[in-house]
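Fold and contact review
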Amino acid sequence: MLYAPDYYPHFQCIAADCRHSCCVGWEIDIDADTRAAYADVPGEFGQRLADSIIDDADGAHFRLTPDERCPLLREDGLCRLILHLGEDALCQICADHPRFRNFFSGRTELGLGLCCEAAGKLILSAPAPMQLIAIADDGDCDPLTEDERELLALRARALICAGNPTLPIAARMAEVLDCCGAVLPDSLLAWRPIYAACNRLDPLWDAELDALDELPIPPGWDEPFSRLLGYFLYRHLPDALTDGRTAERTAFAVLSTRIVGARFAAGEQNLARLIELARLYSSEIEYDTDNVDALLDAIAAVQTQSEPCERKTLC
Ligand code: SF4
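Residues numbered from 1 in each chain as written. Predicted model: local features only at pLDDT ≥ 70, side-chain atom pairs only at ≥ 80, totals over all residues. Heavy atoms only, no water.

This part is about the packing of aromatic side chains. Each aromatic ring pair is summarised here by two numbers: the centre-to-centre distance and the angle between the ring planes. For the coordinates displayed, the defined rule picks out 11 aromatic pairs. Consider the rings of Tyr231 and Phe232, whose centres lie 5.3 Å apart with planes at 65°: the pair is edge-to-face. The pair formed by Tyr231 and Phe232 is uniform in burial state, with each residue classed as buried. Grouped by ring-pair contacts, the aromatic residues Phe100, Tyr195, Trp205, Tyr231, Phe232, Tyr234, Phe252 and Tyr281 constitute a single cluster. Between Arg107 and the ring centre of Tyr3, over which it is positioned, the NZ or CZ distance is 4.1 Å. Taking the ring centre of Phe100 as reference, the NZ or CZ of Arg235 above it sits at 4.1 Å. (Phe/Tyr/Trp six-rings, centres within 6.5 Å; stacked < 30°, edge-to-face > 60°. Buried < 20%, exposed > 50% of the residue type's maximum accessible area, 1.4 Å probe, protein only. Lys NZ or Arg CZ within 6 Å of the ring centre and 35° of its normal.)

And the structure:
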């Protein structure tokens with residue numbers, strides 16, 4: 001069965017209106033089936049397509065321009081490939097982005113990544129906490145393993161804590177940490193050198209990090225930040241099935257929410273800025289597995305692990 005957040009079916013790429021296109025600044029790999037299909041495209045466009053692709057030991061990928069644009073991206077933001085061959089001709093990465101998947105036995109969860117501003121708008125402006133919905137039956141009905149059941153139950157409790165409308169966001173974050181046996185020091189400034197040592201993409205992020213302060217999430221913004229927290233929990237906790245880092249991943253979700261919140265509190269407070277800060281954080285940090293791993297390692301160093309809390313009634 002395929003599950004997704006309730007906002008997922010409403011996603012639409014804004015293409016030419018996108019200010020931070022995923023067709024700029026990222027290496028775009030081409031899967032083998034699509035590469036083979038591209039080799040059969042005839043005529044002038046087929047030649048242009050062939051000239052746009054590099055085949056090397058890592059596989060096929062698009063030859064980015066000196067300013068790191070996909071060579072098939074037009075100046076007006078439209079994709080020549082779609083215009084000539086239709087959306088079905090996109091390679092897997094282009095067709096998928098900004099979607100992600102987490103796999104369980106008999107269950108696949110889909111989501112939208114915050115590095116896309118159109119996805120960010122959907123995620124952060126949703127009218128209520130995220131609900132998971134079944135979107136398709138793929139015929140896979142294997143039962144969940146015990147570990148998967150426990151992890152999903154823990155995440156469900158954490159998501160309830162994150163979406164609790166009776167508490168301010170700071171208290172919700174404390175409950176989420178408590179619920180998952182995670183610990184996070186109060187000071188945000190101690191994290192600045194750790195973030196500063198991460199891989200970087202955009203100088204805008206350097207400026208945000210340099211200006212990082214201890215500011216709390218401003219009053220009146222509890223719900224958008226609870227959705228941000230819910231997004232990080234939904235996306236990153238399932239990977240604990242592979243690496244066992246449930247507490248660290250929970251703390252990463254809370255830390256990420258607090259970092260975005262601190263920068264948000266320091267400037268103009270409107271939804272557009274929150275979407276932009278979340279986009280920047282997502283593309284700099286959560287889309288770079290080395291960066292996520294470095295943060296999980298740093299979080300592990302400050303964790304005092306405790307058992308998930310059936311003992312706590314708040315979660
Ligand atoms: S980042 Fe999102 S909105 Fe922008 S071009 Fe990519 S998929 Fe479309």
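Our next topic: the pairing of strand β6 (residues 107–112). Burial analysis of β6 places 6 of its 6 residues in the buried class, which makes it a mostly covered element. Going residue by residue along β6, you find Arg107, Glu109 and Gly111 tucked away on one face and Thr108, Leu110 and Leu112 tucked away on the opposite face as well. Two strands pair when backbone bridges link them, and strand β1 (residues 2–5) and β6 are joined in this way by 2 bridges, in the parallel orientation. Note that in β6 the partner of Leu2 across the bridge is Thr108. Counting the residues that bridge the hairpin from strand β5 (residues 99–104) to β6 gives 2 residues, and of these Gly106 lies at a positive phi of roughly 70°. (Helix = DSSP H or I, 4+ residues; strand = E, 2+ residues; numbered from the N terminus. Pairing = 2+ DSSP bridges.)

Turning to the sheet that holds strand β4 (residues 59–62), a few remarks are in order. With antiparallel pairing, 3 strands are arranged side by side in an open sheet as β2-β4-β3. The open sheet has two edge strands, β2 (29–30) and β3 (53–56), and neither has a second partner. In this sheet, β4 lies alongside β2 in antiparallel orientation, the contact comprising 2 bridges. Residue Ile30 lies in a different strand from β4, and its bridge partner there is Ala60.

Considered domain by domain, the protein chain is made up of domain 1 (23–96) and domain 2 (144–302). Computed from C-alpha atoms alone, the centre-to-centre distance between domain 1 and domain 2 is 34 Å. (Domains from an automatic or database assignment.)

Let us look at the sheet that holds β1. Here 4 strands make up an open sheet; going across it, the order is β5-β6-β1-β7 and the pairing mixed. The open sheet has two free edges, formed respectively by β5 and β7 (132–136), since each of these has just one partner strand. With strand direction ignored, the average angle separating the axes of adjacent strands in the sheet is 30°. The sheet strands contacting helix α6 (residues 146–162) are β5, β6 and β7, and the helix crosses β6 at an angle near 35°. (Axes fitted to C-alpha atoms, helices over the stretch in contact; angles between N-to-C directions. Contact = heavy atoms within 4.5 Å.)

Among the structural elements, Ser21 can be located in the loop between β1 and β2. Engagement of the side chain of Ser21 in a polar contact is seen with the backbone nitrogen of Cys23, the distance being 2.9 Å. (Polar contact = N/O pair within 3.5 Å; in protein donor to acceptor, adjacent residues only side chain to side chain.)

All of the buried residues in helix α2 (residues 43–51) are Phe45, Gly46 and Leu49. With its buried residues spanning 105° around the axis, α2 presents them on a single face. Against the buried residues of α2 lie α1 (32–39), β3, β4 and α3 (80–85). (Arc of directions from axis to C-beta.)

Viewed as axis vectors pointing N to C, helix α13 (residues 271–286) and helix α14 (residues 289–302) meet at an angle of 85°, and their least axial separation amounts to 6 Å. Our classification of the angle between α13 and α14 gives roughly perpendicular. Taken together, the residues of α14 that come into contact with α13 (itself represented by Glu284, Ile285 and Glu286) are Asn291, Val292 and Leu295. Split into classes, the residues belonging to the contact of α13 with α14 amount to 3 nonpolar, 1 polar and 2 charged. (Parallel < 35°, antiparallel > 145°, perpendicular 65-115°, else oblique. Nonpolar A, V, L, I, M, F, W, Y, C, P; charged D, E, K, R; others polar.)

The next thing to look at is the site of the ligand. Neighbouring residues of the ligand: Cys13, Ile14, Cys18, His20, Ser21, Cys22, Cys116 and Ala118. Taken together, the residues of the shell around the ligand sort by class into 6 nonpolar, 2 polar and no charged. (Near = heavy atom within 4 Å.)

All right, on to the pattern of salt bridges then. Summed over all chains, the structure comprises 16 salt bridges. The partner of Arg155 in a salt bridge is Glu109, and the shortest N-O contact between them spans 2.7 Å. Taken together, the positions of Arg155 in helix α6 and Glu109 in strand β6 put the pair 46 residues apart, joining distant regions of the chain. Its relative accessible area of 0% is what places Glu109 among the buried residues. With a shortest N-O distance of 2.6 Å, Arg263 and Glu208 are connected by a salt bridge. (Salt bridge = Lys/Arg side-chain N within 4 Å of Asp/Glu carboxyl O.)

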